[in-house]
Amino acid sequence: AQTVTQSQPEMSVQEAETVTLSCTYDTSENNYYLFWYKQPPSRQMILVIRQEAYKQQNATENRFSVNFQKAAKSFSLKISDSQLGDTAMYFCAFMKPNTGANSKLTFGKGITLSVRP
Amino acid sequence: ETGVTQSPTHLIKTRGQQVTLRCSSQSGHNTVSWYQQALGQGPQFIFQYYREEENGRGNFPPRFSGLQFPNYSSELNVNALELDDSALYLCASSGDSLNTEAFFGQGTRLTVV
């Protein structure tokens, strides 16, 4: 079974600064996907970024980038130029791909990020 | 907006009652997954439906059951409600490609009193 650990319950960052959110996971699989999801107070889970384990290059999406260390089973999210709208809960998630249908997501406990004006 | 809609948005039930939550998947998606998110926790996988068949189940008792319709919308039913069933229930729809993103609805907040 897979586990995802987010050990920081909350973080705070000044607007325009950079912040890094940590995540570690445990799996015996070699092929899998990792995700960071954002959940604002509106409750809707929004995909921030995705990383395929077979890709060595770290994924980037505008101000969001990851540091994927497969051997260490670490998957951190860096948010650059933080904005007030980044205030939300952030969840790290793991997925083992199934053929025929997407497999389930295994989530960490999440981290509450507050961006200060 | 993701195109995934859940209803109702909130509801309050009494312990022992039964509840049905609904989810309309995004157009073109044939897979629906349900998650339970307790307050301050990450979502926990309940089960997944793919083309009207259950395609995997998490560690939830049989009181939790589901259904997927030919239009790929889905229902989550919970019988004999317990206080610990109070949570946000999230539905996610996706296609059957490995590269298809899962899109979440805004959830149903269930309170059991």
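Read on for a plain summary of the structure. No experiment lies behind these values; they were computed from the predicted model shown.

### Looking at the sheet that holds strand β8 (residues 74–78) of chain B
Residue and element names in this part refer to chain B.
Then, in step 1: Taken together, the four strands give an open sheet; going across it, the order is β1-β3-β8-β7, and neighbouring strands pair in antiparallel fashion. The open sheet terminates on both sides in strands that have one partner only, identified here as β1 (5–7) and β7 (64–68). Put simply, the sheet's adjacent strands are angled 15° from each other on average, direction ignored.
Then, in step 2: Sheet analysis places strand β3 (residues 19–24) next to β8, joined by five bridges and oriented antiparallel. Its bridge partner being in β8, Thr 20 is matched across the sheet by Asn 77.

### Some remarks on the pattern of salt bridges
Then, in step 1: This model, assessed by the stated rule, comprises eight salt bridges over all chains.
Then, in step 2: A salt bridge links Glu 52 of chain A to Lys 55 of chain A, with the shortest nitrogen-to-oxygen separation between them at 3.9 Å.
Then, in step 3: A salt bridge links Arg 57 of chain B to Glu 54 of chain B, with the shortest nitrogen-to-oxygen separation between them at 3.5 Å.
Then, in step 4: On the basis of relative accessible area, Arg 57 of chain B is assigned to the partly exposed category, the value being 32%.
Then, in step 5: Taking the relative accessible area as the measure of exposure, Glu 54 of chain B reaches 40% and is therefore partly exposed.
Then, in step 6: Salt bridges here are not isolated pairs; linked through shared partners, they connect Arg 63, Glu 82 and Asp 85 of chain B.

Here is what the cut-offs are and how they apply
Residues numbered from 1 in each chain as written. Chains lettered and ligands numbered in written order. Predicted model: local features only at pLDDT ≥ 70, side-chain atom pairs only at ≥ 80, totals over all residues. Heavy atoms only, no water. Pairing = 2+ DSSP bridges. Helix = DSSP H or I, 4+ residues; strand = E, 2+ residues; numbered from the N terminus. Axes fitted to C-alpha atoms, helices over the stretch in contact; angles between N-to-C directions. Salt bridge = Lys/Arg side-chain N within 4 Å of Asp/Glu carboxyl O. Buried < 20%, exposed > 50% of the residue type's maximum accessible area, 1.4 Å probe, protein only.

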